[in-house]
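Below are the chains, spelled out letter by letter.
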Amino acid sequence: MKAAVLAAGEGKRMSPLTDTRPKVMLPVANKPILEHLVIEMREAGVDEFLFVVGYHGETIREYFRDGSKWNVSVQYVTQKRQLGTADAVRQVSWWAGERFVLANGDVVVGRDDVRTLMLSPIPAMGVSRQEDVSGLGVVELHESRIVRIHEKVRNPPGNLVNTGLYVMTREIFAAINDTRPSSRGEYELTDSLQLLIDRGTGLGGYAVGRWLNFTYPWDLLAANELLLRDLAPDIQGEVEPGASIRQPLALGKGSVVRAGSYIIGPAIIGEGCEIGPNCYIRPSTAIADGCHVGASVEIKNSIMMAGARAPHHNY
């Protein structure tokens, strides 16, 4: 199965974290959001990817290259002007087969949910019931079919939301060609999907068990905590005598945990880091490559990005 991934956007509500990289490349549990998505899709049976890139697209290209590191094939197409999600999907028409997976690059879903969606005989959307639907697209479902899509309306008619994960057929491209610009002057994929529904093609709705959505910076912390729950212990660096480790901890090559440090997992520390001495790292902490945590520092439920420093006497 092929998967087209929309990764051209900037993610302005994540600013200033996205000033130098696209949102899909923000790290969670020491991997970019997009890498988590690729891994889950690969495990579901997807082996060919097309990334639609735009804003700082070179960052994505340099990281994933041809995809061989993940045992998949990755190609790229550039959305030169940000004309909306439907226009982004239009860019993949030359590559897509009769059926393909389509996903927003700034979400993480579970492999089992991707497998289930791939079995749909008609175009389908993954949906999730959420307590807070502000800023999200809400859908109306009737007998496993979506009958209406409401994109960020003031008074939504329910709490079932669009997860940004789909299985599409080639009918979507005809609908996109007939889609008119929205009030924002963009071609919205949800308008194209509503055309599919209105024309009788149908759009299935499948409940998604795990869905991590990233809109604001604090969403990274919530996702980081959830993803680290599955962390497997893996000590490849050095732990000095006198350091106390409460697993699970993943410690990268070339990293040193100095004496007197106290670490309670789940926590992940990248390569080439210096931790301690005499620091306290608490659960749900992700420390990327090349970081330094000094003496008398306490860190909890945090993400330290590559090269960050927390000198002595910091909380």
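Residues numbered from 1 in each chain as written. Predicted model: local features only at pLDDT ≥ 70, side-chain atom pairs only at ≥ 80, totals over all residues. Heavy atoms only, no water.

A. Up close: the overall build of the chain. Helix and strand counts for the chain come out as seven helices and 27 strands. Its C-alpha radius of gyration of 21 Å places the chain within 12% of the 20 Å reference for a compact globule of 315 residues. Counting only contacts in the chain whose residues sit at least 6 apart along the sequence, the fraction spanning at least 24 positions is 53%. Carbon and sulfur atoms provide 47% of the accessible area of the chain, an area that totals close to 14500 Å². (Helix = DSSP H or I, 4+ residues; strand = E, 2+ residues; numbered from the N terminus. Rg over C-alpha atoms; globule rule 2.2 N^0.38 Å. Contact = heavy atoms within 4.5 Å. Areas by Shrake-Rupley, 256 points an atom, 1.4 Å probe, with all protein chains shown as cover.)

B. Structural detail: the packing of helix 1 (residues 33-44) against helix 4 (residues 111-118). For the pair helix 1 and helix 4, the least separation of the axes is 8 Å and the interaxial angle reads 55°. Classified by the angle between their axes, helix 1 and helix 4 sit oblique to one another. You can see that helix 1 and helix 4 cross each other, and the crossing is right-handed. Contacts between helix 1 and helix 4 involve Ile39, Glu40, Met41, Glu43 and Ala44 on the former and, on the latter, Arg111, Val114, Arg115 and Met118. Residue composition of the contact of helix 1 with helix 4, by class: five nonpolar, no polar and four charged. (Axes fitted to C-alpha atoms, helices over the stretch in contact; angles between N-to-C directions. Parallel < 35°, antiparallel > 145°, perpendicular 65-115°, else oblique. Left-handed = near helix turned anticlockwise from the far one by under 90°. Nonpolar A, V, L, I, M, F, W, Y, C, P; charged D, E, K, R; others polar.)

C. Representation of the sheet that holds strand 25 (residues 298-299). Reading across the sheet, the four strands line up as 16-19-22-25 and stay open at both edges, with parallel pairing between neighbours. The open sheet has two edge strands, strand 16 (244-246) and strand 25, and neither has a second partner. When strand 19 (residues 262-264) meets strand 22 (residues 280-281), the two strands line up parallel, connected through two bridges. The residue of strand 22 that forms the bridge with tyrosine 262 is tyrosine 280. (Pairing = 2+ DSSP bridges.)

D. Molecular detail of unusual backbone geometry. Proline 16 follows serine 15 through a cis peptide bond whose omega is 10°. Note that proline 16 resides in the loop between strand 1 (2-7) and strand 2 (27-28). Residues glycine 265 and proline 266 are joined by a peptide bond in cis, for which omega reads 5°. Mapped onto the fold, proline 266 is located in the loop between strand 19 and strand 20 (267-269). Even without a glycine there, the phi angle at serine 144 is positive, about 65°. On the secondary structure map, serine 144 appears in the loop between strand 9 (137-142) and strand 10 (145-151). In this model, asparagine 301 sits at a positive phi of 45°, which is unusual for a non-glycine residue.

E. Seen up close, the sheet that holds strand 27 (residues 309-310). The sheet built from five strands is open, its strands ordered 15-18-21-24-27 with parallel pairing. Two strands bound the open sheet, and with one partner strand each, they are strand 15 (238-239) and strand 27.

F. Highlighting the packing of aromatic side chains. Throughout the structure, instances matching the rule amount to nine aromatic pairs. Their ring planes at 70° and their centres at 5.0 Å tell us that tyrosine 63 and phenylalanine 64 sit as a pair that is edge-to-face. The exposure class assigned to tyrosine 63 is partly exposed, which follows from its relative accessible area of 32%. Three or more aromatic residues link up through ring pairs in this structure, and these residues are Phe49, Phe51, Tyr63, Phe64, Trp70 and Tyr76. If you follow lysine 69 out to its NZ or CZ, it ends over the ring of tyrosine 63, 6.0 Å from the centre. The ring of tyrosine 187 has arginine 90 sitting right over it, with the charged end atom 5.7 Å from the ring centre. (Phe/Tyr/Trp six-rings, centres within 6.5 Å; stacked < 30°, edge-to-face > 60°. Buried < 20%, exposed > 50% of the residue type's maximum accessible area, 1.4 Å probe, protein only. Lys NZ or Arg CZ within 6 Å of the ring centre and 35° of its normal.)

G. Spotlight on helix 2 (residues 57-64). Within helix 2 the residues assigned to the buried category are Gly57, Ile60 and Phe64. Buried residues of helix 2 fall within an arc of 60° about the axis and therefore sit on the same side. Among the structural elements, strand 1, helix 1, strand 4 (48-53) and strand 5 (73-78) are those in contact with the buried residues of helix 2. Arginine 65 occupies a position one or two residues after helix 2 and carries a positive phi of about 50°. (Arc of directions from axis to C-beta.)

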